[in-house]
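Now for the letters of each chain:
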Amino acid sequence: MPGGGRTPRGGKIAAAAVNQASVWNIANLLTMLRLILVPGFVALMLADGGYDPAWRSFAWAAFAIAMITDLFDGHLARTYNLVTDFGKIADPIADKAIMGAALICLSALGDLPWWVTIVILGRELGVTLLRFWVIRYGVIPASRGGKLKTLTQGVAVGMYVLALTGWLATLRFWVMAAAVVLTVVTGLDYVRQAIVLRRQGIAERKAASEETEA
């Protein structure tokens, strides 16, 4: 017999079922789709030696779908209250997985210098580590520069995935150059924000401690 504010066993089971079902929402399904697309994209990129224009076009389509779903899953989750622990973890993994796969494939095929891949992926790893470093003091919000960086990277990598020639090949070089510059600049800005946030957090904790002692 339930009492004293205890939740009935049946209620706990029902709540657990609801929470488990909530994982299978449209936002998370789009994230899962991006994760599934990663091995498919790699297979298409490397098919027939990796230089067949037709296969590269299919690879571009997979990459484009992944980038488009990235624009919608987070928005849907926030708008319709579909945020889950799974989504918080899987969404950034899916983002970095598809971009990382594309960059590594392009460099392995000789289409993109390895240093570009290292700079972009190194920045992403560094920002992730910075966020963990200062998470006890607060959250570093996504900036407009960061969003522009993501968009520019997606366009640049997409252009490199396609077998472009002529002026389009020249254009993609400059788009990638812009993406690299934005990657470095926004990465340095994240470092600045992390240092400021950490200093503020330490100062606030010190002030709170002094007030308590007083």
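What counts as what
Residues numbered from 1 in each chain as written. Predicted model: local features only at pLDDT ≥ 70, side-chain atom pairs only at ≥ 80, totals over all residues. Heavy atoms only, no water. Helix = DSSP H or I, 4+ residues; strand = E, 2+ residues; numbered from the N terminus. Buried < 20%, exposed > 50% of the residue type's maximum accessible area, 1.4 Å probe, protein only. Contact = heavy atoms within 4.5 Å. Areas by Shrake-Rupley, 256 points an atom, 1.4 Å probe, with all protein chains shown as cover. Core = buried A, V, L, I, M, F, W, Y, C linked by side-chain atoms within 4.5 Å. Salt bridge = Lys/Arg side-chain N within 4 Å of Asp/Glu carboxyl O. Polar contact = N/O pair within 3.5 Å; in protein donor to acceptor, adjacent residues only side chain to side chain. Patch = residues over 30% accessible without salt bridge, like charges linked within 9 Å, V, L, I, M, F, W, Y side chains within 5 Å. Expected span 1.5 Å × (residues − 1).

A.B. asks: Mind showing me how you'd approach the overall build of the protein chain here?
C.D. replies: For the protein chain, the helix and strand inventory stands at seven helices and zero strands. Counting from the amino terminus, helix and strand elements in the protein chain follow one another as α-α-α-α-α-α-α. Going through the 214 residues of the protein chain one by one, you find that 36% of them count as buried. Within the protein chain, contacts between residues at least 6 apart in sequence are counted, and of these 74% link residues at least 24 apart. Accessible area for the protein chain stands at about 13,100 Å²; split by element, carbon and sulfur atoms hold 69% of it.

A.B. asks: Looking at this model, I keep getting lost on the nonpolar core. Mind explaining?
C.D. replies: Phe 41, Met 45, Phe 63, Val 157 and Met 176 are the most contacted members of the largest nonpolar core, which totals 30 residues. Where this core is concerned, the elements lending two or more residues are helix H2 (26-46), helix H3 (53-79), helix H4 (85-108), helix H5 (114-134), helix H6 (144-161) and helix H7 (167-213). Sort the elements by how many residues they give to this core and H4 lands first, with seven residues. Beyond its immediate sequence surroundings of up to four residues, Met 45 is in contact with Gly 50, Arg 56, Ala 59, Cys 105, Leu 106, Leu 109 and Val 161. Listed in part, the eight residues of the second largest apolar core include Val 134, Ile 140, Tyr 190 and Ala 194.

A.B. asks: Hey, could you run me through the pattern of salt bridges in this one?
C.D. replies: Note that side chains of opposite charge can pair when their charged atoms are close. Enumeration over the complete set of coordinates arrives at five salt bridges. Across the salt bridge formed by Asp 95 and Arg 34, the nearest N and O atoms sit 2.5 Å from each other. Taken together, the residues Asp 95 in helix H4 and Arg 34 in helix H2 connect sequence positions 61 residues apart. For Asp 95, a relative accessible area of 22% translates into the label partly exposed.

A.B. asks: How do you make sense of the side chain of Ser 107 when you look at a structure like this?
C.D. replies: With respect to the element layout, Ser 107 can be found in helix H4. On the basis of relative accessibility, which here comes to 5%, the residue Ser 107 falls in the buried class. Only 3.1 Å separates the side chain of Ser 107 from the backbone oxygen of Leu 112, close enough to count as a polar contact. Residues contacting Ser 107, with those up to four places away along its chain left out, are Leu 112, Pro 113, Trp 114 and Thr 117.

A.B. asks: Just checking my understanding: could you explain a nonpolar patch on the surface for this structure?
C.D. replies: Judged by side-chain polarity, Trp 24, Ile 26 and Leu 29 come together as a nonpolar surface patch covering roughly 330 Å² of accessible area. Secondary-structure assignment places Ile 26 in helix H2.

A.B. asks: Is there a simple way to explain H6 in this structure?
C.D. replies: An α-helical segment advances 3.6 residues per turn. Residues three or four places apart therefore align on the same side. Taking 1.5 Å per residue as the helical rise, H6 with its 18 residues ought to reach 26 Å, and the 26 Å between its terminal C-alpha atoms agrees with that figure. Every buried residue of H6 is listed here: Gly 146, Lys 149, Thr 152, Gln 153, Gly 154, Ala 156, Val 157, Gly 158, Met 159, Tyr 160 and Val 161.

A.B. asks: So what exactly am I meant to see when it comes to the side chain of Arg 172 here?
C.D. replies: If you trace the backbone, Arg 172 turns up in helix H7. If sequence neighbours within four positions are ignored, Arg 172 has contacts with Met 159, Tyr 160, Leu 162 and Leu 164.

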